[in-house]
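Examination of the molecular architecture
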Amino acid sequence: MPKASPFPADSHDRLFSRNHRTMSLIKQLWLATALLTTLSFGGSFIVSTLSARHYLQQELALKNMDNATSLALSMSQMPKDEVSVELQIAAQFDAGHYRLIRLTDPAGKVLAEREFSGETASAPRWFMTLVPIGTRAGIAQVQDGWQQFGTLQVETHDRYAYDSLWTSTQQLLWWFLGGGLLTGLLGTFTLKRLTRPLEGVVEQAEAIGKRRFITIPEPRTLEFRSVVRALNTLSERIRTMLVQESQSLEQLRRQTQHDELTGLFNRPQFLNQLDAALSRDDAQAGGSIYVLRITNLAELNRHAGRAGVDAALVRLAAALRTVPLPAARLDHGRLNASEFALLIQGEDEDSLGVLDTLTGRLRTLVREQLPDAELLAASARYTAGETRAPLLARLDGALASAEQSGASHTVAADAQPPLHTSADAWRQAITEALEHGDLGLHRFPVLDMAGRVIHYESPVRLRLAGNWLDAGRFLPWAARCGLAARIDAQVLATACETLAGDPACTGLAINLSAEALGHTGMREHFIATLQAHRRIAPRLWVDVQESSALRHPTEFRMLCAALGALGCKLGLKHGGQDFARFAELHDLGLDYIKISAAFVRDIDRTPGNQTLVRSICTLAHSIGLKVIAEGVGTLDEASALAGLGLDGMTGPGLPASPRRIVA
Amino acid sequence: MQEIAAQRYDPSAAQAVLAWRQLLDDLQQGGHSVEDRLARVNAFFNARIRFDDDIAVWRTADYWATPLETLARAAGDCEDFAIAKYMTLRLLGVDDSRLRLIYVRARIGGPGSQVSQAHMVLGYYPEPSAEPLILDNLIRDVRPAARRPDLFPVFSFNADGLWVAGARQSSADPGTRLSRWRDVLDRAHAEGLALPGRQP
């Protein structure tokens, strides 16, 4: 996929001056052009000046000779008294352009002489010394009858020659400067045109070097085209491989995690999903769980036959899957033969009403085929930090009371009432906390397989009504009030400060909410803040939830490019479930993926998930991604994970128990 | 020069050149006075070379021939005589300042005649201010100018000032070809006739 670099200036810099020792091709070509231009113009300048001088010398010599001869001829015919001789020489000298006319008698005595002594040439002296015009005097004999009268020496003034040479040299110089400049400009322009495709090639090669397998349009230059074609083929092959691998991965995942008949999650996996949902600490923490039970399934099987019941259950599952609920994520599971469940993560408030309607619709649907079927439903709200067993117990209780009361849908009471009940109250409380700076970051270490800290996950916490609240308790409300992006901005600022103030800290991972990702202004603010903290950028890890990235693919791509250029690490959080849906993962330039706790829970006892995680690792490593396991709860899980090719893991069950440090 | 003559012309030309070389060798021996040399050179050319117009010899209105050309053709007009004698005397060591090629107006047909003709002779000045001795192809003897009332001098020249010490050979100078005098000097040089005082 063609992709313009978000920082063209950077790639330009790269091309033009990598460092002092390895000079770039373009610079060398430019130097060669400049040198050639200078040589050709300088050479022709010198040659033309010298040939002009040679021509002038010859002309002057001929003029000297001819004038000497004609003056001598006329003097030979004239009377030789002193006045006449003087007059003739004076007339020739004054009317002409001479430096010297001298008549000497055969013994060498000067008979008459005129010499120019006045202003010199306007050409500068250095020029006359640099390009001297050596003129030859014209010599002729003056005869008086048979007698020798004298020898005449005529020298033309060279001032005019110097002046004209100087003027023509200056003109030439201007022409050559102009011509040289024009050639230089043309050369630069041509070079730019010629090497523009090269920039693309270099960019692609460097991207592939960072395992970002991009394709670019083939340039018209033949040599570049074959290079780009080869690289494109490589990228395309990687993409195809990725598509095939992720398809088989998805197949494997379905086999392992899904119920054979209905295609919903099977019981262990649904419970894993529930565990992961309960341990979330972001805007999608908190939600509802809905359970539907067919109470007389055994009886129905006997009467309607196994096949009929199965068909009805498949229809039920399909209807359950297509429930239109406004939630961040829906998970559907078959808990046992007669029990179905719906996990609604990050819900909006009024989903309970929808569940009433849903129960009615499902009952109608099932009774169309099985008129005797008895359906009961119960739902319960959960908040972040709850544990699974009491939640399921509450649901069981609600189902039991539904059975007694005959109500089709019962809602279990909330385990613990929220701090505030209205969105307005939450907005006020969160805004106040943000304004008072009552915001802190946790530090949970993410370890590599050797037990060293790769970075610290640093979820946010706020002090509300005097108590520090974990992210999962207030972030869902913040998201509902439209404050998530603001919290993200403050978290980023705090993380930058922390990293700047603590050089020993290997790195901090912060969360970027879907809201901030989808909001152009917030994204730009985020990038601008990082640009202002370029020095700490390499130690900052930015987690984006897999579901957020899927919801805003274009924005996510732009963020990848921008953060990559800044040296930040960018990766997916709570990943794995929808890995196969990343069609263009190969050219994003991601750094890591954190695998959701839903895969990690009980992995030591789930060979299916082990295979899945191993496959994800292989696939991710082939395009240069690091893989980190989230939510490792027990040492057994940790040791099972160690053999699967992971790069790191985090969670409460790790050998080095996580220290809670307030940043 | 003999080789060039043999190549370009017939054997008689080579012989003429041989005779001229013998004359030069003979006169270069000691014991010859300047007057003797003048007389011998004058007699040599006057006897050997037939006077003819350029148009008959060279099929050109006016052609200045080198000594080799004159010897080879055994014919020439007044300039060719004067040039041949000038160069021969220069080869014998006579200084350029004592020699002048002189344009003269010659009265033909006795003292009372009004017919005159353009002519060229070679003048030798024993002293710079003295009366010259005239080498002419019209008469056999070398006589002082005073004894040549038929000749009226107009203008004289020699090779003085044509070559400046250290300057390049003038034949490289395209201006050379424009002057008949410089042209003939260059051609003679090309034929192997190196005048003293001139650059190689």
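About the cut-offs
- Residues numbered from 1 in each chain as written.
- Chains lettered and ligands numbered in written order.
- Predicted model: local features only at pLDDT ≥ 70, side-chain atom pairs only at ≥ 80, totals over all residues.
- Heavy atoms only, no water.
- Helix = DSSP H or I, 4+ residues; strand = E, 2+ residues; numbered from the N terminus.
- Rg over C-alpha atoms; globule rule 2.2 N^0.38 Å.
- Buried < 20%, exposed > 50% of the residue type's maximum accessible area, 1.4 Å probe, protein only.
- Contact = heavy atoms within 4.5 Å.
- Areas by Shrake-Rupley, 256 points an atom, 1.4 Å probe, with all protein chains shown as cover.
- Lys, Arg positive; Asp, Glu negative; His and termini not counted.
- Charge placed at Lys NZ, Arg CZ, Asp CG, Glu CD.
- Buried area = accessible area lost by both parts, 1.4 Å probe.
- Salt bridge = Lys/Arg side-chain N within 4 Å of Asp/Glu carboxyl O.
- Polar contact = N/O pair within 3.5 Å; in protein donor to acceptor, adjacent residues only side chain to side chain.
- Nonpolar A, V, L, I, M, F, W, Y, C, P; charged D, E, K, R; others polar.
- Pairing = 2+ DSSP bridges.

For chain B, the name recorded in an unreviewed UniProt entry is Transglutaminase, with Thauera linaloolentis as its organism.

As recorded in an unreviewed UniProt entry, chain A goes by the name Diguanylate cyclase/phosphodiesterase, listed as coming from Thauera linaloolentis.

Moving on, we come to the overall build of chain A. If you tally the helices and strands in chain A, you get 21 helices and 20 strands. Relative to the 2.2 N^0.38 estimate, which gives 26 Å for 663 residues, the radius of gyration of chain A is 46 Å and therefore markedly larger than a compact globule would have. When its C-alpha atoms are laid out on the principal axes, chain A stretches across 160 × 55 × 45 Å. Buried positions account for 49% of the 663 residues belonging to chain A. Residue pairs at least 24 apart in sequence account for 70% of intrachain contacts in chain A once pairs closer than 6 positions are excluded. Within the structure as shown, chain A displays about 31,000 Å² of accessible surface, and the carbon and sulfur contribution to it stands at 57%. Each charge class in chain A was averaged separately, 67 positive and 70 negative side chains, and the resulting centres sit 3 Å apart.

This part takes up the interface of chain B and chain A. Each partner contributes to the interface: chain B provides 28 residues, whereas chain A provides 20 residues. Of the roughly 2,100 Å² buried between chain B and chain A, counting both surfaces, carbon and sulfur atoms make up 56%. Three residues, P128(B), P153(B) and F155(B), lead the burial of chain B against chain A; their summed loss comes to 24% of the area buried on that side. Across the chain B-chain A interface, the total number found is zero salt bridges. Applying the counting rule to chain B against chain A returns seven residue pairs in polar contact (both at pLDDT 80 or more). Contributions of two or more residues to the side of chain B that touches chain A are made by β3 (99–107) and β7 (151–157) of chain B. At six residues, the largest contribution of residues to the side of chain B that touches chain A is made by β7(B). Residue composition of the side of chain B that touches chain A, grouped by class: 16 nonpolar, six polar and six charged.

This next bit is on the pairing of strand β1 (residues 98–104) of chain A. Residues and elements named next belong to chain A. With five of seven residues buried, β1 lies mostly within the body of the structure. Bridge analysis of β1 against strand β4 (residues 147–156) gives six bridges, and the strand direction is antiparallel. Bridging across to β4, Y98 finds its partner in T156. Here β1 runs beside strand β2 (residues 110–115); their pairing, made up of five bridges, is antiparallel. For R102, the partnering residue across the bridge sits in β2 and is E113. The turn joining β1 and β2, which pair antiparallel and follow one another in sequence, is formed by five residues; a positive phi near 100° is taken by G108.

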